[in-house]
Amino acid sequence: ALECHERALKGKEKMLGKTHPETLMTVMNIAGVYLVGLEDYRKAEELLQRALEGKEAQLGKGHENTKLSAMNLAICLADAGEML
């Protein structure tokens, strides 16, 4: 699954740009693979932080999708605290 998501990300970055909302959704999907599937909390955090920063810049802090990204990052950080 990770390979497919990463291939999709490369295509979206090329076609839409690194900060396009669809690209950032793919970044979040990859973070989910790292978080749930691989339990690589550091990589998941890095990707979720990228998605959050991009959404804040593109959509604003008050947008629903930005808030979702912030919540996902908070969950990742909480989970990492339990595992580290």
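Residues numbered from 1 in each chain as written. Predicted model: local features only at pLDDT ≥ 70, side-chain atom pairs only at ≥ 80, totals over all residues. Heavy atoms only, no water.

Undergrad: Help me understand the overall build of the protein in this model?
TA: Regarding its fold elements, the protein presents 4 helices and 0 strands. The linear arrangement of helices and strands in the protein, starting from the amino end, is α-α-α-α. By the compact-globule yardstick of 12 Å for 84 residues, the protein fits well, its C-alpha radius of gyration being 12 Å. Projecting the C-alpha coordinates of the protein onto the three principal axes gives extents of approximately 35 × 30 × 15 Å. The burial tally for the protein puts 29% of its 84 residues in the buried class. Within the protein, contacts between residues separated by at least 24 positions form 51% of all contacts whose residues are at least 6 apart in sequence. Total accessible area computed for the protein in this model is approximately 5,300 Å², and 54% of it derives from carbon and sulfur atoms. Between the averaged position of the 11 positive side-chain charges in the protein and that of its 13 negative side-chain charges there is a distance of 7 Å. (Helix = DSSP H or I, 4+ residues; strand = E, 2+ residues; numbered from the N terminus. Rg over C-alpha atoms; globule rule 2.2 N^0.38 Å. Buried < 20%, exposed > 50% of the residue type's maximum accessible area, 1.4 Å probe, protein only. Contact = heavy atoms within 4.5 Å. Areas by Shrake-Rupley, 256 points an atom, 1.4 Å probe, with all protein chains shown as cover. Lys, Arg positive; Asp, Glu negative; His and termini not counted. Charge placed at Lys NZ, Arg CZ, Asp CG, Glu CD.)

Undergrad: Honestly, the packing of helix 2 (residues 21-37) against helix 3 (residues 41-59) in this entry has me stumped. Any pointers?
TA: The relative placement of two packed helices is expressed as an angle between their axes plus a distance between the axes. Orientation of helix 2 relative to helix 3, taken along the N-to-C sense of each, is 160°, at an axis distance of 8 Å. As summarised for this structure, helix 2 and helix 3 are arranged roughly antiparallel, according to the angle between their axes. Between helix 2 and helix 3 lies a crossing of left-handed hand. For the pair helix 2 and helix 3, contact is made by Pro-21, Thr-23, Leu-24, Met-25, Val-27, Met-28, Ile-30, Ala-31, Tyr-34 and Leu-35 and by Tyr-41, Lys-43, Ala-44, Leu-47, Leu-48, Arg-50, Ala-51, Gly-54, Lys-55 and Leu-59, respectively. Of the residues contributing to the contact of helix 2 with helix 3, the split by class is 15 nonpolar, 2 polar and 3 charged. (Axes fitted to C-alpha atoms, helices over the stretch in contact; angles between N-to-C directions. Parallel < 35°, antiparallel > 145°, perpendicular 65-115°, else oblique. Left-handed = near helix turned anticlockwise from the far one by under 90°. Nonpolar A, V, L, I, M, F, W, Y, C, P; charged D, E, K, R; others polar.)

Undergrad: What am I meant to see in helix 2 here?
TA: In an α-helix, one turn spans 3.6 residues, which is why side chains three or four residues apart end up on the same side. Between the first and last C-alpha of helix 2 there are 24 Å, a value that for 17 residues agrees with the 24 Å anticipated at 1.5 Å per step. For helix 2, every residue scored as buried is listed here: Thr-23, Leu-24, Thr-26, Val-27, Met-28, Ile-30, Ala-31, Val-33, Tyr-34 and Leu-35. Following helix 2 by one or two positions, Glu-39 adopts a phi angle in the positive range, close to 55°. (Expected span 1.5 Å × (residues − 1).)

Undergrad: Teacher, can you tell me more about the packing of helix 1 (residues 2-16) against helix 2 here?
TA: It is the contact of helix 1 with helix 2, at a shortest axis distance of 9 Å, that shows an interaxial angle of 160°. On the basis of the axis angle, helix 1 is roughly antiparallel to helix 2. In terms of crossing hand, the pair formed by helix 1 and helix 2 is left-handed. Contacts from Leu-2, His-5, Glu-6, Ala-8, Leu-9, Lys-12, Glu-13 and Leu-16 in helix 1 reach Glu-22, Thr-23, Thr-26, Val-27, Asn-29, Ile-30, Val-33 and Tyr-34 in helix 2. Residue composition of the contact of helix 1 with helix 2, by class: 8 nonpolar, 4 polar and 4 charged.

Undergrad: What am I meant to see in helix 3 here?
TA: An ideal rise of 1.5 Å per residue puts 27 Å on 19 residues; helix 3 measures up with 26 Å between its terminal C-alpha atoms. Those residues of helix 3 that sit buried are Tyr-41, Ala-44, Leu-47, Leu-48, Ala-51, Leu-52, Gly-54 and Lys-55. Where helix 3 terminates, the next one or two residues include Gly-60, which has phi positive at roughly 95°.

Distances and angles like these do not, on their own, reveal function.
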